[in-house]
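# Report on the structure
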Amino acid sequence: MAASSAMQSILSSPLTRVTNRSSVNQFLVPTCFVPHLSRNATMPVRCMAGQNEQKGQEPTPRAPKVSTKFSDLFSFSGPVPERINGRLAMIGFVAALGQEFYTGQGVFAQIANGGIPWFLATSILLSSASLVPLFKGISAESKSDGVMTSDAEMWNGRFAMLGLVALAVTEYVKGGTLI
């Protein structure tokens, strides 16, 4: 119903005409069934190009302005909380598995045997190293390229957070180390 009314409106349009030629076009459909636009139809076309585009130069894209206010950086949807937690989780997950493989101690034993000072030192160092570029107005999205994008870093951090929690829960339920 809708197709037939659309075809009727196309065929009854003054811009189209049906010819009686019996030739075949590239789609193997006889041209007598295909409506053709008349050659004398006029359509005004205006150019909306700017000065740079007319000369053949492409305008340089501007980087979005990043807020450097402390409250904007540390807000719930800001760039700092998830990015820093993800970076710490990636290092913590690899360090916990490596230490467990090397010494045979689980995550909780590593924390009880002097892991808290190492955790605090690593957290302070990585957090300050992550904050310096953000306070200067440089975003992680502006520096990401190719495979190593800021979205990939966020997903890797999320998986590392889940992996660290899963490692701790597995060792707690199992009652011993994973490896």
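To be clear, the structure that these remarks concern was listed above.
Residues numbered from 1 in each chain as written. Predicted model: local features only at pLDDT ≥ 70, side-chain atom pairs only at ≥ 80, totals over all residues. Heavy atoms only, no water.

Enumeration according to the criterion identifies one aromatic pair in this entry. Aromatic side chains Trp 155 and Phe 159 sit 5.9 Å apart centroid to centroid with 35° between the ring planes, which places their arrangement in the tilted category. Here Trp 155 pairs with Phe 159, and both are found in helix H7 (residues 150-174), just four residues apart, close to one helical turn. On the accessibility criterion, Phe 159 (53% relative accessible area) is exposed. (Phe/Tyr/Trp six-rings, centres within 6.5 Å; stacked < 30°, edge-to-face > 60°. Helix = DSSP H or I, 4+ residues; strand = E, 2+ residues; numbered from the N terminus. Buried < 20%, exposed > 50% of the residue type's maximum accessible area, 1.4 Å probe, protein only.)

Applying the stated rule across the entire model yields three salt bridges. With a shortest N-O distance of 2.4 Å, Arg 158 and Glu 82 are connected by a salt bridge. Of this pair, Arg 158 sits in helix H7 while Glu 82 sits in helix H4 (residues 80-103), and the two are 76 residues apart along the sequence. One salt bridge connects Glu 153 with Arg 83, and the closest N-O pair in it is separated by 2.8 Å. Placement of Glu 153 in helix H7 and of Arg 83 in helix H4 is noted, with a sequence separation of 70 residues between them. Since its relative accessible area comes to 21%, Glu 153 is described here as partly exposed. Each of the salt bridges in this network shares a partner with another, and the network as a whole consists of Arg 83, Arg 87 and Glu 153. (Salt bridge = Lys/Arg side-chain N within 4 Å of Asp/Glu carboxyl O.)

Taken as a whole and judged by the stated rule, the model has one cavity of 30 Å³ or more. Approximately 30 Å³ is the volume found for the largest cavity. Glu 82, Arg 83, Gly 86, Arg 87, Met 90, Glu 153, Met 154 and Gly 157 together form the lining of the largest cavity. For the lining of the largest cavity, the elements supplying multiple residues, two or more each, are H4 and H7. The residue inventory of the lining of the largest cavity, partitioned by class, reads two nonpolar, two polar and four charged. (1 Å grid on protein atoms, 1.4 Å probe; cavity = no way out; pocket = protein on both sides within 12 Å on 5 of 7 lines; lining within 4 Å. Points joined across faces, edges and corners; volume = space filled by probe spheres on them. Nonpolar A, V, L, I, M, F, W, Y, C, P; charged D, E, K, R; others polar.)

By secondary structure assignment, the location of Leu 131 is in helix H5 (residues 107-135). In the structure, Leu 131 is positioned 52 residues away from Pro 79 in sequence and 9.8 Å away in space, judged by C-alpha atoms. When sequence neighbours within four positions are dropped, the list of residues in contact with Leu 131 reads Phe 74, Val 80 and Ile 84. (Contact = heavy atoms within 4.5 Å.)

None of the figures reported here should be taken as evidence of function without further support.
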